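Descriptive analysis of the structure
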Amino acid sequence: MAFDENIISLRTTYQFSRFLFARGRVDFDSIAANVKGQFLLGYTPNPGTAFYVGYNDDLNRHGFNPFSGSLEPGFRRNGRTFFIKMSYLFRKSF
């Protein structure tokens with residue numbers, strides 16, 4: 001066997017109302033000891049119109065320092081992203 005990898009995912013969605021929801025997902029990779037989290041808040045008042053606010057995070061647990069090569073205990077953040085997405089459907093009748 002070359003390697004044995006376990007990927008664990010936790011997902012949840014909460015619907016506040018017909019138009020507003022929150023979604024979360026956390027993934028853990030056993031080989032890289034990597035944890036990735038994704039969180040999203042969405043508002044869709046009608047078809048074709050949407051507003052999203054989100055956050056992505058990437059962490060290592062007990063990773064190696066890229067400069068010294070030594071093992072660092074605990075969590076180390078690789079990257080973090082905040083984003084906003086808006087869309088609107090323009091309808092034109094002829």
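Residues numbered from 1 in each chain as written. Predicted model: local features only at pLDDT ≥ 70, side-chain atom pairs only at ≥ 80, totals over all residues. Heavy atoms only, no water.

1. Remarks on the pattern of salt bridges
In the structure shown here, the tally under the stated rule is two salt bridges. Between Asp27 and Arg25 there is a salt bridge whose closest N-O contact spans 3.1 Å. In this structure, Asp57 and Arg77 form a salt bridge, with 3.0 Å as the shortest nitrogen-oxygen distance. Here Asp57 is found in strand β4 (residues 49-61), whereas its partner Arg77 is found in strand β5 (residues 75-87), with 20 residues between them in sequence. Judged by its relative accessible area of 40%, Arg77 is partly exposed. (Salt bridge = Lys/Arg side-chain N within 4 Å of Asp/Glu carboxyl O. Helix = DSSP H or I, 4+ residues; strand = E, 2+ residues; numbered from the N terminus. Buried < 20%, exposed > 50% of the residue type's maximum accessible area, 1.4 Å probe, protein only.)

2. Things to note about the sheet that holds β5
If you walk across this open sheet you meet the five strands as β1-β2-β3-β4-β5, and the pairing is antiparallel. Each of the sheet's edge strands pairs with one partner strand only, and the pair in question is β1 (7-15) and β5. Mean inter-strand twist for the sheet, computed between neighbouring axes without regard to direction, equals 10 degrees. Where strand β3 (residues 34-46) meets β4, eleven bridges bridge the pair, whose relative direction is antiparallel. Pairing of Gln38 across the sheet is with Asn56, part of β4. (Pairing = 2+ DSSP bridges. Axes fitted to C-alpha atoms, helices over the stretch in contact; angles between N-to-C directions.)

3. Some points on the packing of aromatic side chains
Under the definition given, this model contains five aromatic pairs. On the basis of an interplanar angle of 65 degrees and a centroid distance of 6.4 Å, the ring pair of Phe21 and Tyr52 is categorised as edge-to-face. Of this pair, Phe21 sits in strand β2 (residues 20-29) while Tyr52 sits in strand β4, and the two are 31 residues apart along the sequence. Between Tyr88 and Phe90, the aromatic rings sit 4.9 Å apart at their centres with planes inclined by 75 degrees, giving edge-to-face as the arrangement. By the burial criterion, Tyr88 is exposed, and Phe90 matches it. An aromatic cluster of three or more residues is present, and its members are Phe39, Tyr55 and Phe82. (Phe/Tyr/Trp six-rings, centres within 6.5 Å; stacked < 30°, edge-to-face > 60°.)

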